[in-house]
Amino acid sequence: MTRDKLNDLKTWFAGYVSNFYSDDPDYNHPIRLKQEHTIRVCQNTVLIGKELGISDQDIILAETMALFHDIGRFKQYEIYNTFNDFISENHARLGLRQMAVHGVLSECTAPEKRLIARAIAYHNAATLPENEDDNTLFFMRLVRDADKLDIWELFIDYYYERKNNHSAVVELGLPDDPICSQRVVESLHQHRFVRTRDLKTLNDFKLLQISWVYDLNFVPSFQIVQNRKYIEKLEKMLPQSKQIKEAVKIARDHVNSFL
Ligand SMILES: [Fe+2]
């Protein structure tokens, strides 16, 4: 992979996504969010990669993975009108099929294709595969961290603007009830990340996002979480019960333990 090739892929990506926009701004809103998300995940990947001191070649590869990690979101939205994989299909697999249909990686070498496909396939998986080589695991972890860092950014921005621009698609159709589910709060207390299938309310979704600190891999990622104050911002959006404050404190302590 070369920098020029990556730039060509970015041009292709922009053209591909442009086909999903309609004349309806409300319909377009989630598409725009995902397109902007992709650009920022690319930036986060480069940021973390540079902090980790990886080679330029590896940064280009990682950025290619970031560019395509959510390519399936656009088709998913077009077909199912949702970003909820549980009521539609796995958007990583859908994305890989789209990439195959369009021959996106035709100029990459076989090892590059494999690495890129594996990182995309596992960017949204609950756990990483066993029996995977260290190099592939490294890229999987890098993309997962970069992705999470931006979902925090995106969701916090979205939430502050929610009164003006509210989207059931972004919120996975979850009701904005003033409660958190016991099971979700317990996950945080147990240093486990929350599973999407356990979500019952929008507050659960916010707690799920806080619980991602338990699935973060690299010190520079923890540093970014702290610098951008993601946990503090998410906490402000939650009910201020003792139980929730405690759960959030445990998550914050976890972040601090890496710094
Ligand atoms: Fe994704």
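Residues numbered from 1 in each chain as written. Predicted model: local features only at pLDDT ≥ 70, side-chain atom pairs only at ≥ 80, totals over all residues. Heavy atoms only, no water.

Summarising the element assignment, D145 is placed in helix α7 (residues 134-160). No salt bridge is formed by the buried D145. Its closest oppositely charged neighbour is K148, at 5.6 Å. For D145, the side chain forms a polar contact with the side chain of N217, separated by 2.9 Å. Beyond its immediate stretch of four places on either side in the chain, D145 contacts I48, D215, L216, N217, F218 and S221. (Helix = DSSP H or I, 4+ residues; strand = E, 2+ residues; numbered from the N terminus. Buried < 20%, exposed > 50% of the residue type's maximum accessible area, 1.4 Å probe, protein only. Lys, Arg positive; Asp, Glu negative; His and termini not counted. Salt bridge = Lys/Arg side-chain N within 4 Å of Asp/Glu carboxyl O. Polar contact = N/O pair within 3.5 Å; in protein donor to acceptor, adjacent residues only side chain to side chain. Contact = heavy atoms within 4.5 Å.)

Before going further, it helps to spend a moment on the side chain of D150. The topology assignment puts D150 in helix α7. Judged by its relative accessible area of 1%, D150 is buried. At 2.8 Å, the side chain of D150 and the side chain of H37 are in polar contact. If we ignore the near neighbours within four places in the chain, the residues touching D150 are H37, R40, V41 and N44.

This part takes up the coordination of the iron ion. Four donors placed tetrahedrally around a metal ideally meet at 109.5 degrees, and six donors placed octahedrally ideally meet at 90 or 180 degrees. In this structure, D70 (OD), H91 (NE2) and H123 (NE2) serve as the protein donors to the iron ion, at separations of 2.0 to 2.2 Å. Linear spacing of the donor residues for the iron ion on their chain is D-x20-H-x31-H. Pair noted here: D70 is in the loop between α3 (56-68) and α4 (72-80) and H91 is in helix α5 (residues 91-101), with a separation of 21 residues, a long-range link. (Donors = N, O, S within 2.8 Å, 3.2 Å for Na, K, Ca; no water.)

Okay, the environment of G15 next. Mapped onto the fold, G15 is located in helix α1 (residues 3-18). Taking the relative accessible area as the measure of exposure, G15 reaches 32% and is therefore partly exposed. On a C-alpha basis, the gap between G15 and I39 in space is 14 Å, while along the polypeptide they are 24 residues apart.

Quick look at the domain arrangement of the protein chain now. The domains assigned to the protein chain are domain 1 (3-145) and domain 2 (174-256). Centre-to-centre, using C-alpha coordinates, domain 1 lies 25 Å away from domain 2. Listed as interface residues are 12 residues of domain 1 and, on the opposing side, 12 residues of domain 2. Where domain 1 abuts domain 2, roughly 1000 Å² becomes buried across the two surfaces, and 64% of that area is made up of carbon and sulfur atoms. Among the residues of domain 1 in contact with domain 2, F86, A126 and D145 are the three that bury the most area, contributing 41% of the side total. At the junction of domain 1 and domain 2, the tally comes to one salt bridge. For D215, the salt bridge identified is with R144, shortest N-O distance 2.8 Å. One can count six residue pairs in polar contact (both at pLDDT 80 or more) joining domain 1 with domain 2. Looking at the side of domain 1 that touches domain 2, the elements that each hand over two or more residues are α2 (25-52) and α7. (Domains from an automatic or database assignment. Buried area = accessible area lost by both parts, 1.4 Å probe.)

A separate point is the packing of aromatic side chains. In total, this model carries 16 aromatic pairs according to the counting rule given. Arranged with centres 5.0 Å apart and planes meeting at 20°, the rings of W12 and Y16 form a pair that is stacked. Taken together, the positions of W12 and Y16, both in helix α1 and four residues apart, correspond to about one turn of that helix. The exposure class of Y16 is buried, given its relative accessible area of 6%. Between the aromatic rings of F222 and F258, the centroid separation amounts to 4.0 Å while the plane-to-plane angle is 5°, which identifies the pairing as stacked. Taken together, the residues F222 in helix α10 (residues 219-227) and F258 in the segment after α12 (242-256) connect sequence positions 36 residues apart. By relative accessible area, F222 is classed as buried at 0%. Taken together, the ring pairs connect W12, F13, Y16, F20, F68 and F74 into an aromatic cluster. Over the face of the ring belonging to F83 we find K34, whose NZ or CZ atom lies 4.9 Å from the ring centre. The lysine or arginine in question, K148, covers the ring of W212, its NZ or CZ lying 5.9 Å from the ring centre. (Phe/Tyr/Trp six-rings, centres within 6.5 Å; stacked < 30°, edge-to-face > 60°. Lys NZ or Arg CZ within 6 Å of the ring centre and 35° of its normal.)

Now for the packing of α1 against α2. Any two packed helices are characterised by the angle at which their axes cross and by the distance between the axes. Interaxial distance between α1 and α2 falls to 11 Å at its minimum, and their mutual angle equals 170°. Accordingly, the angle class assigned to the pair α1 and α2 is roughly antiparallel. Taken together, the residues of α2 that come into contact with α1 (itself represented by F13, A14 and V17) are I31, Q35 and T38. (Axes fitted to C-alpha atoms, helices over the stretch in contact; angles between N-to-C directions. Parallel < 35°, antiparallel > 145°, perpendicular 65-115°, else oblique.)

Here we take up the nonpolar core. It is characteristic of soluble globular proteins that their nonpolar side chains tend to be buried jointly. Core analysis: the biggest nonpolar cluster contains 78 residues, and F68 and W152 have the highest contact counts within it. With 11 residues, the single largest contributor to this core is α7. Two domains share this core, each providing at least three of its residues, namely domain 1 (3-145) and domain 2 (174-256). Dropping the residues within four chain positions of it, F68 is found in contact with L9, W12, F13, M99, V104, L105 and I120. (Core = buried A, V, L, I, M, F, W, Y, C linked by side-chain atoms within 4.5 Å.)

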